[in-house]
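# Fold and geometry: a report
One letter stands for each residue in the lines below.
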Amino acid sequence: MEHATPAAQVLLPLFSIIIVAMILTARRRNLYIRRIHGLNAIDEAVGRATEMGRPMLCTTGASVNTQGGIEIVPLQALSIVSYILRASAPFSNRAIIPVYDPQMLAVTQEAVQNAYLAAGKPELYNPDDVRFLTNRQFAYAAAVSGIMHREKVAASFLFGYFYAEAMIFAETGQQVGAIQIAGTTATTQIPFFIAACDYVIIGDEFYAASAYLSREPTQLGSIVGQDICKAILLGIAVIGTLLVSIGNLGGYTWVDTFVKLFK
Amino acid sequence: MGVVLQQNPIPFLKPVLGNGLLLYLFGSLVAMVMLIAILQTVPKQFRRRIILLTTFIGGLFYALEFFLPVSSMPTPANANNKGNFLTPYVVPFGVITQIVVGWTIGLGIINLTMVHGKRLLKPKQQEAFWNSAAFFICMFLMTWFGIAYELQKNAFNDSIYKILFVGALQSLDATMFSIIAFYIVSAAYRAFRVRTLEASLLLATAFIVMLGQIALGQWLTQTFPSALRVETIRGWILDVANAAATRAIAFGLGIGSLAVALRIWLGLERGSYFDKES
């Protein structure tokens with residue numbers, strides 16, 4: 001089993017306190033976060049699907065926790081999908097949500113129902129459109145590609161963690177002429193999405209997405225807290241670089257002792 | 001795995017065989033059905049509190065196990081193992097989540113059966129009917145021969161299982177995987193068209209990296225000084241520029257994961273499953 005190193009014992013509780021403090025702050029006053037262009041395009045994609053009268057496809061990625069339990073990434077993707085559904089509900093757009101991880105099925109069904117309910121259109125929820133397909137990677141890729149072709153989707157939202165199937169989804173979407181917006185935490189797949197999709201949100205924009213879209217105080221506070229934590233990490237990285245450089249000059253044993261704390 | 005299970009400190013979760021196994025299976029089935037039935041009757045608001053409490057206890061267990069001081073705790077599998085008083089319970093907790101996963105796969109199969117069953121009974125399109133029929137035939141064959149192969153290992157079951165799994169399923173997987181090669185070329189062609197400054201930079205970088213990967217590129221620049229050889233530049237692009245950007249992204253993602261995990265663990269999301277806050 002892995003256990004906390006001295007640095008983790010200090011930094012993780014510190015970051016947790018900062019994030020929770022900023023969430024509580026955000027509930028009392030408005031906080032600002034910058035524009036994310038890829039997310040503004042979601043409304044454009046929803047509009048395109050409305051004009052064309054064709055469905056949208058939203059995935060929450062193709063990752064599964066083999067140890068059991070749901071991972072954070074598909075849950076975050078689901079929060080973005082919830083926003084997309086709320087945004088599309090006034091236009092009665094149909095959304096197809098293929099599910100990869102069977103553990104996500106019930107959560108996705110409830111989130112989709114809640115999204116339509118919140119938008120005042122509970123009748124839009126169609127249980128057949130929230131489908132568990134398979135948890136085999138390429139079987140899922142084949143099934144999603146098949147759905148894209150058969151339903152001729154007008155917009156494709158690819159959020160979550162992806163592996164090699166990312167390219168298959170993105171190129172199939174391109175073939176059927178869908179406007180595509182992707183966001184993933186898989187750094188190896190970001191280049192493929194950039195090459196093949198219309199808009200891509202990268203890195204921690206993925207976690208900022210639901211806050212930016214929904215403007216809910218809890219999520220806004222969380223994003224501001226994350227930014228403070230990143231600034232602290234950046235400071236540690238700069239100080240660490242300087243210290244390691246000094247340590248390499250030799251004769252400074254205290255530097256080595258200090259640097260070891262962060263290993 | 002067997003060694004780990006023998007260390008299971010909860011007697012109730014120790015593996016049993018024979019009639020005891022059947023009794024356990026039946027008992028757990030009844031218990032889970034009853035639990036689900038009780039949860040269904042509980043008002044939605046109260047059910048949400050149960051979910052929040054369960055999530056908090058689960059998260060608290062793993063957080064304490066990770067943060068509490070550790071001491072030497074050798075096991076037959078690992079003499080250098082370290083842990084605290086919660087470490088022996090990590091495996092039983094993992095077993096509980098595996099059981100939940102097993103149930104969710106059942107839910108997934110029910111969902112698939114309902115979606116495709118409707119299409120078989122009330123087909124709107126001819127194509128949809130045959131797709132759904134193919135699904136049921138494949139599911140039945142795979143399940144039947146998968147179980148038969150495990151229960152009775154003979155030449156017939158073995159060959160049918162291999163035809164279905166290795167001959168069909170794995171070959172289909174490989175087919176889908178191979179398609180990616182063509183998709184990459186198609187996407188690269190669109191991305192590398194020199195229309196903007198960014199696309200031009202992307203093209204130039206990709207050209208250098210690809211050239212540095214192959215013997216031809218290395219041969220072309222073999223007379224250059226070491227720092228200007230294509231494999232050196234390729235190495236710098238991958239190991240310095242690319243690695244720095246990837247690590248920066250990884251920092252942000254790590255903090256983002258922590259934030260979402262905290263919000264879910266502490267029940268800070270006010271709505272249920274990303275509802276709007278009231």
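Up top is the structure.
A brief look at the structure comes next. Keep in mind that this is a model prediction, so the values were computed, not measured.

Looking now at the overall build of chain B. Assigned secondary structure in chain B consists of nine helices and two strands. From first element to last, N terminus to C terminus, chain B shows the α and β order α-α-α-β-β-α-α-α-α-α-α. Its C-alpha atoms give chain B a radius of gyration of 28 Å, more than 25% over the compact-globule value 19 Å for 278 residues. Dimensions of chain B, computed from C-alpha atoms along their principal axes, come out at roughly 75 × 60 × 55 Å. Of all 278 residues assigned to chain B, the portion counted as buried reaches 23%. In chain B, the share of contacts with a sequence separation of at least 24, taken over all contacts with a separation of at least 6, comes to 34%. For chain B, the accessible surface area stands at approximately 18,700 Å², while carbon and sulfur atoms represent 73% of it.

Residue and element names in this part refer to chain A. Burial of helix 8 (residues 205–214) is extensive: ten of the ten residues sit out of reach of the surface. Among the residues of helix 8, Glu-205, Phe-206, Tyr-207, Ala-208, Ala-209, Ser-210, Ala-211, Tyr-212, Leu-213 and Ser-214 are the ones counted as buried. Immediately beyond the C-terminal end of helix 8, within one or two residues, lies Arg-215, with a positive phi of roughly 60°.

What follows concerns empty space enclosed by the protein. All names here are of chain A. Going through the model one piece at a time under the given rule, you end up with two cavities of 30 Å³ or more. Considering only enclosed or pocket space, the second largest cavity measures out at about 30 Å³ in volume. What lines the second largest cavity is Thr-60, Gly-61, Ser-63, Pro-74, Val-99, Tyr-100, Asp-101 and Met-104. Partitioning the lining of the second largest cavity into residue classes produces four nonpolar, three polar and one charged.

Residue and element names in this part refer to chain A. One non-glycine residue, Ser-92, lies in positive phi territory at about 55°. Overall, Ser-92 belongs to the partly exposed group, its relative accessible area being 41%. Even without glycine at this site, Lys-152 takes up a positive phi of about 50°.

Listed by partner, the interface residues are 64 residues for chain B and 70 residues for chain A. Viewed at the interface, chain A and chain B are joined by three salt bridges. In this structure, the salt-bridge partner of Arg-136 of chain A is Asp-173 of chain B, at a minimum N-O distance of 2.4 Å. Where chain B touches chain A, the interface holds eleven residue pairs in polar contact (both at pLDDT 80 or more). Residue assignment for the side of chain B that touches chain A shows that the elements contributing at least two residues are helix 3 (44–67), strand 2 (82–83), helix 4 (90–121), helix 5 (126–151), helix 6 (155–191) and helix 9 (230–265) of chain B.

Residue and element names in this part refer to chain A. With respect to the helices, strands and loops of the structure, Asn-93 is situated in the loop between helix 3 (72–88) and strand 2 (95–99). A distance of 3.0 Å separates a polar atom in the side chain of Asn-93 from a polar atom in the side chain of Thr-50. Once you skip the residues sitting within four places of it in the chain, Asn-93 turns out to touch Val-46, Ala-49, Thr-50, Met-56, Ser-88 and Tyr-116.

Conventions adopted
- Residues numbered from 1 in each chain as written.
- Chains lettered and ligands numbered in written order.
- Predicted model: local features only at pLDDT ≥ 70, side-chain atom pairs only at ≥ 80, totals over all residues.
- Heavy atoms only, no water.
- Helix = DSSP H or I, 4+ residues; strand = E, 2+ residues; numbered from the N terminus.
- Rg over C-alpha atoms; globule rule 2.2 N^0.38 Å.
- Buried < 20%, exposed > 50% of the residue type's maximum accessible area, 1.4 Å probe, protein only.
- Contact = heavy atoms within 4.5 Å.
- Areas by Shrake-Rupley, 256 points an atom, 1.4 Å probe, with all protein chains shown as cover.
- 1 Å grid on protein atoms, 1.4 Å probe; cavity = no way out; pocket = protein on both sides within 12 Å on 5 of 7 lines; lining within 4 Å.
- Points joined across faces, edges and corners; volume = space filled by probe spheres on them.
- Nonpolar A, V, L, I, M, F, W, Y, C, P; charged D, E, K, R; others polar.
- Salt bridge = Lys/Arg side-chain N within 4 Å of Asp/Glu carboxyl O.
- Polar contact = N/O pair within 3.5 Å; in protein donor to acceptor, adjacent residues only side chain to side chain.

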